[in-house]
Amino acid sequence: MAGQMPIIQMHGGESVVRKADPDSGEVVVELGGACAGCGISNITADNIKMDLMMEFEEITDVRVKVPSAGDHGSSTVEGGRGGELQYGTEDPGHF
């Protein structure tokens, strides 16, 4: 995921790890900022999944949450302390 951060930040997006369970190998990453409603956020999500699973053999499941298009701005994830997010109801195909 660290490899994706400069690209995400360059485009006004944010990302934060919301959950990392060492027992189950599950990781939940949340995208925010300009990632909300971005047409290529599904590609970013797939790249994050691949990067994490290739980098850490202990990771078995990666979920990437992308907020709905109405949630723009850095306050959506602000260093993991962000505000309330409203997730879209359509399946973006990357969970």
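Here is a short report on the structure shown in this document. Everything numeric in this text was worked out from a predicted model, so none of it was measured.

**Some details on the state of the cysteines**
Put plainly, two cysteines are in a disulfide when a covalent bond ties their sulfur atoms together. Enumeration according to the criterion identifies zero disulfides in this entry. Take Cys38: it sits in no disulfide, and the sulfur closest to it among the cysteines is that of Cys35, at 6.4 Å.

**As for the sheet that holds strand β1 (residues 13-21)**
Taken in spatial order, the three strands of this open sheet run β1-β2-β3, and their pairing is mixed. In this open sheet, the two strands that pair with only one neighbour each are β1 and β3 (61-65). Mean inter-strand twist for the sheet, computed between neighbouring axes without regard to direction, equals 20°. Pairing of strand β2 (residues 26-33) with β3 involves five bridges; the strand directions are parallel. Bridge pairing links Glu26 to Asp61 in β3. Its contacts with the sheet place helix α2 (residues 41-55) against β2 and β3, and it is angled at close to 155° to β3.

Rules used in this analysis
Residues numbered from 1 in each chain as written. Predicted model: local features only at pLDDT ≥ 70, side-chain atom pairs only at ≥ 80, totals over all residues. Heavy atoms only, no water. Disulfide = S-S within 2.5 Å. Pairing = 2+ DSSP bridges. Helix = DSSP H or I, 4+ residues; strand = E, 2+ residues; numbered from the N terminus. Axes fitted to C-alpha atoms, helices over the stretch in contact; angles between N-to-C directions. Contact = heavy atoms within 4.5 Å.

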